[in-house]
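Report on the structure
Single-letter residue listing:
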Amino acid sequence: MDGGGKVLLCGYYGEHNLGDDALLEVLLSQLPQGWEPLVTARDQAMVQRRFGVATTDRRSLAGVLRALAGCDALVLGGGSLLQDSTSFKSLLYYAALIGAARLQGKRVGLWGQGLGPLHRRRSRLLVRSLLPLANAISWRDPASASLAADWGIEAPVGTDPVWGLAPRAWQGRGGPIVLCWRPVAQLQGTAWAPYLKALDQLAASADRAVLWLPFHQDQDQGLLAALNAEGLVPTRLMERSHELAVDDPAAALEQFAGASLVLAMRLHGLILAALAGAPCAALSYDPKVAAAAKAIGCPLQVLGEGVNPSLAALWESTLDRPPLSERVAWLRREALTHQLLLRRLLDPAG
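The structure contained in this document is the topic of the report that follows. Here the structure is a predicted model, which is why all the values come from computation and not from measurement.

Quick notes on the rules
- Residues numbered from 1 in each chain as written.
- Predicted model: local features only at pLDDT ≥ 70, side-chain atom pairs only at ≥ 80, totals over all residues.
- Heavy atoms only, no water.
- Helix = DSSP H or I, 4+ residues; strand = E, 2+ residues; numbered from the N terminus.
- Rg over C-alpha atoms; globule rule 2.2 N^0.38 Å.
- Buried < 20%, exposed > 50% of the residue type's maximum accessible area, 1.4 Å probe, protein only.
- Contact = heavy atoms within 4.5 Å.
- Areas by Shrake-Rupley, 256 points an atom, 1.4 Å probe, with all protein chains shown as cover.
- Lys, Arg positive; Asp, Glu negative; His and termini not counted.
- Charge placed at Lys NZ, Arg CZ, Asp CG, Glu CD.
- Axes fitted to C-alpha atoms, helices over the stretch in contact; angles between N-to-C directions.
- Parallel < 35°, antiparallel > 145°, perpendicular 65-115°, else oblique.
- Left-handed = near helix turned anticlockwise from the far one by under 90°.
- Nonpolar A, V, L, I, M, F, W, Y, C, P; charged D, E, K, R; others polar.

1. Observations concerning the overall build of the protein chain
- Each helix and strand counted, the protein chain has 16 helices and twelve strands in total.
- Since a compact globule built from 350 residues should have a radius of gyration of about 20 Å, the 21 Å found for the protein chain is in line with a globular shape.
- Taken across its 350 residues, the protein chain has 55% of its residues classed as buried.
- Contacts in the protein chain between residues far apart in sequence, at least 24 positions, make up 73% of those at least 6 positions apart.
- Surface exposure of the protein chain reaches about 14400 Å², of which carbon and sulfur atoms provide 49%.
- Taking the average location of the 33 positive side-chain charges in the protein chain and that of its 31 negative ones, the two points are 5 Å from each other.

Next up, the structure:
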């Protein structure tokens, strides 16, 4: 394998999620010279067109195993793949790939991974047996690293790999409010009302347009229309609102760079907003979002908990006030951990 080869990159790619697209963009940019990527993807045509790489259908385990047989290494790239929230079947999929790769004498890397959640005892036993099979690991958060360490697996921890994207210059003073909102279990029906009310108050008092940016095309698109159909969107907010069509992370960064405030539920929406230098605030449906907000130092509202009665005022105090550039620079430096993993895995003599 010295000097290069073919590497299978496995993740939630081609799922019409800008966060996964951003992870793949960073991963491809960090591959050592001489390595040819083969990417698991759902929408293969989109991934081939956007990234110029060969793909295989990620939904076909048999097909991915055939693809693996022609590769020299396997990298599980970004996100939380070793988890059973999606399903135990999903966890078995990745276990099969790791086991097959090691049986074939191929090197295995876990790049920028989150570990868990693992709700089932059998899931924890399975993952505990899988981790020692990896030749190199980097974690994206301290909680994942701590859990692995409890099982005797010590590996470096960095920030989310998407921090490895190039930052943008913020130019959004006086610009629109951009939303990265998504359907979540914590917000059903009228549970949306206090957040929409706070947004309405903010947009009206600051006289700003409101742009709804669907970060996951299949899940988030049409959220504005759906909430309006339920009678939840105040009339004057609806008059200020418009849904965007954004195809790739670069286009999202451009929108964020022109925003006076980004209100994000999506983890990678929040990270891209900070990379664009935009003022941002988080609504957390998952601990990973809350952790990112605390690292950035931006306002945080945890969904499912009591709504801050001063939420509109908190958001208004953040308007046109970007996060500290020193924090963003530190988060970007910490993300280099994952590039070092690829060097150890694929270019051990380099």
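2. Concerning the environment of Ala 136
- Assignment of secondary structure puts Ala 136 in strand β6 (residues 136–139).
- It is 9.6 Å that separates the C-alpha atoms of Ala 136 and Pro 156, two residues lying 20 residues apart in sequence.
- Sequence-distant contacts of Ala 136, that is, excluding residues within four places in its chain, are made with Val 108, Gly 109, Leu 110, Leu 341 and Leu 345.

3. Some points on the packing of helix α1 (residues 18–30) against helix α2 (residues 44–51)
- For the pair α1 and α2, interaxial distance at closest approach is 12 Å and the crossing angle is 45°. By the angle class used here, α1 and α2 are oblique. When you trace α1 past α2, the crossing you get is right-handed. Packed against α1, whose contacting residues are Asp 21, Leu 24, Glu 25 and Leu 28, the element α2 presents Met 46, Val 47, Arg 50 and Phe 51 at the interface.
- Taken together, the residues of the contact of α1 with α2 break down into five nonpolar, no polar and three charged.

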